[in-house]
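Coordinate analysis (summary)
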Amino acid sequence: MVWYSPFPIIAFCFGLIFGSFYNVCIYRLPRDESIVKPRSFCPGCGKTIPWYENIPLFSYLYLRGKCSTCGTTISFRYFFVEFITGLVFGFGVFHYGLSIKTAEFIILASLMIILFFTDLDERILPDKITLWFIPVGLIFAFFSMERNLKESILVAILGAGGLALIAWIYFKVKKIEGMGMGDIKMLALMGAFLGIKAFLALLIAALLGTIVGLFLIYVLKKGKRYEIPFGCFLSIGTLVAYIYGNQILTWYVQRYIVH
Ligand SMILES: [Zn+2]
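Remember, it's a predicted structure, so these values are computed and weren't measured experimentally. (Residues numbered from 1 in each chain as written. Predicted model: local features only at pLDDT ≥ 70, side-chain atom pairs only at ≥ 80, totals over all residues. Heavy atoms only, no water.)

Moving on, we get to the pattern of salt bridges. Two side chains of opposite charge can pair, provided their charged atoms sit close to one another. The final tally for this structure, using the stated rule, is eight salt bridges. A salt bridge links Asp 127 to Lys 185, with the nearest nitrogen and oxygen atoms 2.8 Å apart. Of this pair, Asp 127 sits in helix H5 (residues 127–130) while Lys 185 sits in helix H8 (residues 181–194), and the two are 58 residues apart along the sequence. For the salt bridge of Glu 146 with Lys 197, the shortest nitrogen-to-oxygen distance reads 3.0 Å. In this pair, Glu 146 is assigned in the loop between helix H6 (134–143) and helix H7 (149–174) and Lys 197 in helix H9 (residues 197–219), connecting sequence segments 51 residues apart. (Salt bridge = Lys/Arg side-chain N within 4 Å of Asp/Glu carboxyl O. Helix = DSSP H or I, 4+ residues; strand = E, 2+ residues; numbered from the N terminus.)

Below you can see the structure in the form of structure tokens.
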């Protein structure tokens, strides 16, 4: 898509609205609350937030991050999630044009944004995202030029099964839970959307997790108990593998296999 096309900008604005909804999902899904009702309210004073104070990005800036009634601080997170969702929508349309792949990317990235933050906040990867969207990934696989349905189903099963086995061995050896069922269901979701590239995503996640983990322990001196949940790294790994998977694999083959 050419740089002066209006579509990425329009998509960005749509993304902001969706991002506002994802904030609701991130807060309510781990608590098993309805994501439709009630309308958003201030956690400080309980006031229902009127629509004109619920406009993505602008309301946060206008209210300077505070509830207009009681002054309770509104987390910068709300602004941030709206903004990155806007970016994801805009990037999707810019990068993939207007196609089925665009829809696939935007849905996948949306799921990853929600999972990233529910795992970071509550250490929960809700089934309503991981399990419920596996069929959606498989439907896209049916239309995909890069992976077929059989591959997606196989990777979803093998990936989740393999990870379950590793988690079980880890548990038997170390007597503590290193990976939860949530991670395993998430890998099945990744398999549905990525096919064979889900393993690349897993590798990127493990690598990133190790680097960040070492950084937290040795540079920030956070201590070994402080952990960023693995689902966060799986989210990033998934998007990197989805967008740059082909380039990474081509580079790897040329660098280490052909020569
Ligand atoms: Zn309030």
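This brings us to the coordination of the zinc ion. For the zinc ion, the full set of protein donor atoms is Cys 42 (SG), Cys 45 (SG), Cys 67 (SG) and Cys 70 (SG), and the range of their distances to it is 2.3 to 2.4 Å. Classification of the site at the zinc ion rests on its four donor atoms, whose angles at the metal span 106 to 115°, yielding the label tetrahedral. For Cys 67, a relative accessible area of 10% puts it in the buried group. (Donors = N, O, S within 2.8 Å, 3.2 Å for Na, K, Ca; no water. Tetrahedral: all angles 85-135°; square planar, octahedral: opposite > 155°, others 65-115°. Buried < 20%, exposed > 50% of the residue type's maximum accessible area, 1.4 Å probe, protein only.)

Moving on, we get to the side chain of Lys 197. Take Lys 197: its relative accessible area is 12%, and that puts it in the buried class. Here the side chain of Lys 197 touches Asn 246 through a polar contact of 3.3 Å, side chain to side chain. Apart from the residues within four sequence positions on either side, Lys 197 is in contact with Glu 146, Ala 241, Gly 245, Asn 246 and Leu 249. (Polar contact = N/O pair within 3.5 Å; in protein donor to acceptor, adjacent residues only side chain to side chain. Contact = heavy atoms within 4.5 Å.)

All right, on to unusual backbone geometry then. Along the chain, Lys 37 connects to Pro 38 via a cis peptide bond; the corresponding omega equals -10°. Relative to the assigned elements, Pro 38 resides in the loop between helix H1 (7–28) and helix H2 (58–62). One non-glycine residue with positive phi stands out, namely Arg 64, at about 50°. Within the fold, Arg 64 resides in the loop between H2 and helix H3 (76–96). By relative accessible area, which is 69% here, Arg 64 ends up exposed. Of note in this structure, Arg 123 is not a glycine but carries a positive phi near 60°. Residue position: Arg 123 is located in the loop between helix H4 (100–122) and H5.

This part takes up the packing of aromatic side chains. Counting across every chain of the model gives 20 aromatic pairs. Note on Phe 12 and Phe 83: the rings are 6.0 Å apart at their centroids and 80° apart in plane angle, and the pair reads as edge-to-face. In this pair, Phe 12 sits in helix H1 while Phe 83 sits in helix H3, placing the two residues 71 residues apart along the sequence. Classification of Phe 12 as partly exposed rests on a relative accessible area of 21%. When the centroid spacing of 5.5 Å and the interplanar angle of 55° are considered together, the rings of Tyr 96 and Phe 105 count as tilted. Through successive ring pairs, a cluster of aromatic residues spans Phe 12, Tyr 60, Phe 76, Phe 79, Phe 80, Phe 83, Phe 116 and Phe 117. Note that Arg 31 overlies the ring of Tyr 27, its terminal NZ or CZ placed 3.8 Å from the centroid. (Phe/Tyr/Trp six-rings, centres within 6.5 Å; stacked < 30°, edge-to-face > 60°. Lys NZ or Arg CZ within 6 Å of the ring centre and 35° of its normal.)

To continue, consider a nonpolar patch on the surface. A cluster of nonpolar side chains, namely Met 1, Phe 7, Ile 10, Phe 14, Ile 17, Phe 18, Phe 94 and Leu 98, defines an oily patch on the protein surface of about 780 Å² accessible area. At five residues, the largest contribution of residues to the nonpolar patch is made by H1. Structurally, the position occupied by Phe 14 is in helix H1. Phe 14 sits in the partly exposed class, given a relative accessible area of 48%. (Patch = residues over 30% accessible without salt bridge, like charges linked within 9 Å, V, L, I, M, F, W, Y side chains within 5 Å. Areas by Shrake-Rupley, 256 points an atom, 1.4 Å probe, with all protein chains shown as cover.)

What follows deals with the layout of surface pockets. Taken as a whole, the second largest pocket spans an internal volume of roughly 810 Å³. Lining the second largest pocket are 36 residues, and of these Ser 40, Phe 41, Ile 49, Asn 54 and Tyr 78 sit closest to its centre. Those elements giving two or more residues to the lining of the second largest pocket turn out to be H1, H2 and H3. In terms of residue count, the dominant contributor to the lining of the second largest pocket is H1 (six residues). Along the lines of polarity and charge, the residues of the lining of the second largest pocket split into 20 nonpolar, nine polar and seven charged. (1 Å grid on protein atoms, 1.4 Å probe; cavity = no way out; pocket = protein on both sides within 12 Å on 5 of 7 lines; lining within 4 Å. Points joined across faces, edges and corners; volume = space filled by probe spheres on them. Nonpolar A, V, L, I, M, F, W, Y, C, P; charged D, E, K, R; others polar.)

For the rest of this paragraph, the subject is the packing of H6 against H7. Between H6 and H7, whose axes approach to 8 Å, the crossing angle comes to 150°. Residues Leu 138, Ala 141 and Phe 142 of H6 touch H7, and the partners they reach there are Leu 149, Ser 152 and Ile 153. Its residues assigned to classes, the contact of H6 with H7 comprises five nonpolar, one polar and no charged. (Axes fitted to C-alpha atoms, helices over the stretch in contact; angles between N-to-C directions.)

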